[in-house]
There are 2 protein chains.
Amino acid sequence: MAALFLCIYNPKYNLQAFSRGLLARGDTIKPIRLQLSKKPSVRTSSAIKCSSLSSFTPNLDEAQEILEEAQEHMEDNRPLHEAWREIQGCSDWKDLLDPMNPYLRKEIIRYGEFAQACYDSFDFDPRSKYCGTCKYQGAHFFEKLDMADRGYHMTRYLYATSNINLPNFFQKSNLSSVWSQHANWMGYVAVSTDENEIRRLGRRDIVVAWRGTVTYLEWIHDLKDILCPAHFRDDPSIKIESGFLDLYTTKETTCKYCTFSVREQVLAEIKRIIERYKGEELSITITGHSLGAALAILSAYDIAEMKLNIVDNGTSMAKIPITVFSFSSPRVGNLKFKERCDELGIKVLRVTNVHDKVPTVPGIFANEKFQYQKYIEDKISFPWSYAHVGAELALDHTESPFLKQTRDLGCVHNLEAHLHLVDGYHGKGRQFSLATKRDIALVNKSSDFLKSEYGVPAHWRQDENKGMVRSGDGRWILPERPGLEAHPPDTAHHLEQVLKLSKSSLEML
Amino acid sequence: MAALFLCIYNPKYNLQAFSRGLLARGDTIKPIRLQLSKKPSVRTSSAIKCSSLSSFTPNLDEAQEILEEAQEHMEDNRPLHEAWREIQGCSDWKDLLDPMNPYLRKEIIRYGEFAQACYDSFDFDPRSKYCGTCKYQGAHFFEKLDMADRGYHMTRYLYATSNINLPNFFQKSNLSSVWSQHANWMGYVAVSTDENEIRRLGRRDIVVAWRGTVTYLEWIHDLKDILCPAHFRDDPSIKIESGFLDLYTTKETTCKYCTFSVREQVLAEIKRIIERYKGEELSITITGHSLGAALAILSAYDIAEMKLNIVDNGTSMAKIPITVFSFSSPRVGNLKFKERCDELGIKVLRVTNVHDKVPTVPGIFANEKFQYQKYIEDKISFPWSYAHVGAELALDHTESPFLKQTRDLGCVHNLEAHLHLVDGYHGKGRQFSLATKRDIALVNKSSDFLKSEYGVPAHWRQDENKGMVRSGDGRWILPERPGLEAHPPDTAHHLEQVLKLSKSSLEML
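Residues numbered from 1 in each chain as written. Chains lettered and ligands numbered in written order. Predicted model: local features only at pLDDT ≥ 70, side-chain atom pairs only at ≥ 80, totals over all residues. Heavy atoms only, no water.

- The name recorded for chain A in an unreviewed UniProt entry is Fungal lipase-type domain-containing protein, from Escallonia herrerae.
- In UniProt, chain A has this text filed under Subcellular location (unreviewed entry): "Plastid, Chloroplast".
- One UniProt comment on chain A, placed under Sequence similarities (unreviewed entry), says "Belongs to the AB hydrolase superfamily. Lipase family." (UniProt positions renumbered as here; feature names shortened; annotations may be inferred.)

1. What to know about the sheet that holds strand 8 (residues 282-289) of chain A
Residue and element names in this part refer to chain A.
- The strand order across the open sheet built from 7 strands is 3-4-5-8-11-12-13, with neighbouring strands paired in mixed fashion. At either margin of the open sheet sits one strand with a lone partner, and together these are strand 3 (152-161) and strand 13 (391-395). Between one strand axis and the next, the sheet turns by 15 degrees as a mean value, whatever way the strands run.
- Strand direction decides the pairing type here: strand 12 (residues 347-353) and strand 13, joined by 5 bridges, are parallel. Paired with Arg-350 across the bridge in strand 13 is Glu-392. (Pairing = 2+ DSSP bridges. Helix = DSSP H or I, 4+ residues; strand = E, 2+ residues; numbered from the N terminus. Axes fitted to C-alpha atoms, helices over the stretch in contact; angles between N-to-C directions.)

2. Remarks on the packing of helix 7 (residues 242-249) of chain A against helix 9 (residues 291-305) of chain A
Residues and elements named next belong to chain A.
- For the pair helix 7 and helix 9, interaxial distance at closest approach is 10 Å and the crossing angle is 70 degrees. Looking at the two axes, helix 7 sits roughly perpendicular to helix 9. Pair helix 7 / helix 9 crosses with right-handed handedness. Touching Phe-244, Leu-245, Leu-247 and Tyr-248 of helix 7 are Leu-291, Ala-294, Leu-295, Leu-298, Ser-299 and Asp-302, all from helix 9. (Parallel < 35°, antiparallel > 145°, perpendicular 65-115°, else oblique. Left-handed = near helix turned anticlockwise from the far one by under 90°. Contact = heavy atoms within 4.5 Å.)

3. A closer look at the interface of chain B and chain A
- On the side of chain A, 33 residues touch chain B, which itself brings 32 residues to the contact.
- Buried surface at the junction of chain B and chain A, both sides included, amounts to about 2,800 Å², of which 50% is carbon and sulfur.
- Considering only the surface of chain B that becomes buried against chain A, Arg127(B), Trp460(B) and Gln462(B) emerge as the three largest contributors, covering 25% of it.
- Here chain B and chain A share 4 salt bridges between them.
- One salt bridge in this structure joins Arg127(A) and Asp448(B), with 2.3 Å as the shortest N-O distance. (Buried area = accessible area lost by both parts, 1.4 Å probe. Salt bridge = Lys/Arg side-chain N within 4 Å of Asp/Glu carboxyl O.)

4. Considering the relation of the copies chain B and chain A
- With an RMSD of 0.0 Å, the operation that places chain B on chain A is a rotation of 180 degrees combined with a shift of 0.0 Å along the axis. Between the two chains, the operation in question is that of a two-fold axis. Looking at the rotation axis and the C-alpha trace of chain B, the residue lying nearest is Glu464(B), at 1.9 Å.
- Here 100% of the contact residues of chain B are again contact residues in chain A; the copies associate through an equivalent surface. (Least-squares fit on C-alpha atoms with pLDDT ≥ 70 in both.)

5. Some thoughts on the pattern of salt bridges
- Summed over the entire model, instances satisfying the criterion amount to 68 salt bridges over all chains.
- For Arg78(A), the salt bridge is made with Glu86(A), and the minimal N-O distance between the two is 3.6 Å.
- A salt bridge links Arg438(B) to Glu113(B), with the nearest nitrogen and oxygen atoms 2.9 Å apart. Linking Arg438(B) in the loop between helix 13 (415-424) and strand 14 (469-470) with Glu113(B) in helix 3 (residues 102-120), this pair joins segments that are 325 residues apart in sequence. There is no split in this pair, since Arg438(B) and Glu113(B) are both buried.
- One salt-bridge network, in which partners are shared between bridges, spans Glu113(A), Asp120(A), Asp149(A), Arg150(A), Glu416(A), Arg438(A) and Lys445(A). (Buried < 20%, exposed > 50% of the residue type's maximum accessible area, 1.4 Å probe, protein only.)

6. Details of the state of the cysteines
Residue and element names in this part refer to chain A.
- A full pass over the atoms with the stated rule returns 0 disulfides over all chains.
- With no disulfide of its own, Cys-131 has Cys-134 as its nearest cysteine by sulfur position, at a separation of 13 Å.
- We classify Cys-131 as buried; its relative accessible area is 2%. (Disulfide = S-S within 2.5 Å.)

Written out as structure tokens, the structure is:
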């Protein structure tokens, strides 16, 4: 193992520090020189033998911190605005996952938090007539979730109709007078608008975040495990699990939120934004957890298949990179679907917990691990063959010293727990240690996963009095919310452009 | 049935109104004349026959409201500051319960809300190191609970030790570093200090409120059903269920909150307050729900038995009335105990729901309904003989059109539900109708009892994020609370006075 070793001497604190866990006695250490921006003066060691390690009396925590910062600078000292294409997966994250690249870790967490925001804002209460909506208006979404500093602007909410066979996924109010009989809020499209953030990212980023399910996994049993041709293009051998496909494509003309399918909504919006920021460097990043991860991959495929990311820059055609950061994703389609995603250049990084069951379905019988998958799919049209798309970042919650040793699905599948695991992951066989010191309390937002010694209440994320407030006359009420906008009036127009464009692109390619 | 009938004519609204449900065709109506303070002009009818009822076209809701106000004025048009002794039970609530006296109804609800405040403020979370405390400091208690307008001042919190055999009653933190290994907050003593309120009440009121259990009733099975002599005085035949007696009298010298038993705490505090307001007209009102109701009755007995309510007014001895408004109380002691309470002049009004099981225990075998109870207790010292104390106000939740038809103990035993039933109760066989229009949403604070059509979330009373807040560095923490005061330094002094006084009173009587 190529071990990194730093001997750090801080004259102010008389601190000598070294990295732990990476060295064995007898290793020879290569002297390195580096410049750290923030930390106290750091001098590189001369070459030493590890046999002399016992003479150090370091403060390990501080050493670890300095080391990580040093590591970051050493491994890729280009700033994000230069390295962003690699971080977004242009080289399929080669050499970035083991050891874990610090920029990539931060970006996975940052996008994961966009997906988590869908849970933190969703109205799950069947006693509320707004059950199934986002609790906050789009204009206040990031502010309400303490994410105003992310530098993104909400551009559109996405709705799907529940008139499909996933009864355990859709949240329905018990009341008769409700905001909609059919619709469920499914996520959003946002775009980076803060100039500093755009500079930091090296491009203007369009993010699509899909809502999944926090812990309630009964929808898995609703999946019919039937593959249907997607028919976004003309190759009928590209197939998608029918539950996901229905969710993505079904519309309901009697409901104003579902006059467009969620597919049409997201395509029209992506088209609109790309049009709006024509000529700028752009990226499309799609994220989601659980069922939301399936929609993330499906929509990424769709956007690419419809050629929305091919833009005419006057002199040449440019391709906007499409990246999916998915969490606990089930399989979405067949091997043909996976191959087509690869062909289209969609980059998918699937973050999983090896103890989670969701990434193993559907496709228990035949999946990407089965060596004759291609044969059975092509030759005998085996109907239950599924393949994961992209690269996997497989984590293991038993390596976190902060978590309980449980196999409870509500815990091991939890999105916040995945983000915690990403923060602690440094590479295969490397010690778990929180790189960004991400708040462990977040793990217990909607789970009971943290060891009780940390004193964090279980399932602590909740509204004061479930949103009940006292009205002027002293009575407790669930306040009325401002009317929800259904679809922007230009949706049909942009959708038309999508279809027109996809045809013309087809002809050109 | 002596029916009340009002014919009300409001020239402004051309409204004619009458009471519903109280009259049968053919009844003769006695003309009455009354003056209402707030309502539009009201003229009494001439005597009419009910056969002419069909000629009225009233707005029934408005009529009902006017009628209730009129009823209040008619039945006892003395203001509360004159009628308070009857309301506090000096005549054992004779003629006040059926039909229900409006003043009494309001007072039962007012005191019930003092008991409810113990639930609304208690820290039940075993993940909190403050589990088992009151969430609010005494100085802010009423303000935090929106009860600042009640005109009462918190004078002392009461703590009991858990070193007794009620493991399912005490709330214990899972953490090792906690505010106390032994103590649980049990309620409080407060005194009316607002001059307007004192004028309205006709006296300065000392209130003692005891915490019980909201829905978790396992403590019932912990009750050993063993009667022990109370020994507050010298008659050993006065016996109390040992669990209640232990809870009331046990101390724990290793814990600063339990160096005095809760009995000693409450006696010392009552003594101190009576001393402080010597010469004023006073009342002692004790309230509690469930196990808290047992403590209410026990402490009322104790205060009277210790003669704390006998005060020397210079020329003569006066007796401060002691009243208990209890909710869902179990039985507390034997028949001798009940007889002694009567002898001492303690007035107990027990509000119950006929479908609740708690008021039937202990004493399933032998209780006040058993005609030979006195015989078996006196002659054969039957060891499981219990008797309820005082008058009962038996309500029936199936008469409320707002509640579900459930027998779930968590619902039928719920304190807020009892207060709702009190509000709707007008007398036996009379129609349920909310007299003070008390907010029905309160019923679902800690239950799922309201019919779902009212759209009130179940168990909605909850803190935002279970009390977690973001600290300066953005991390989520359960904030530290200010240190809890254990016992005022003069507790021992007042307790000594209690003992001295009880002896001297003994000699004088």
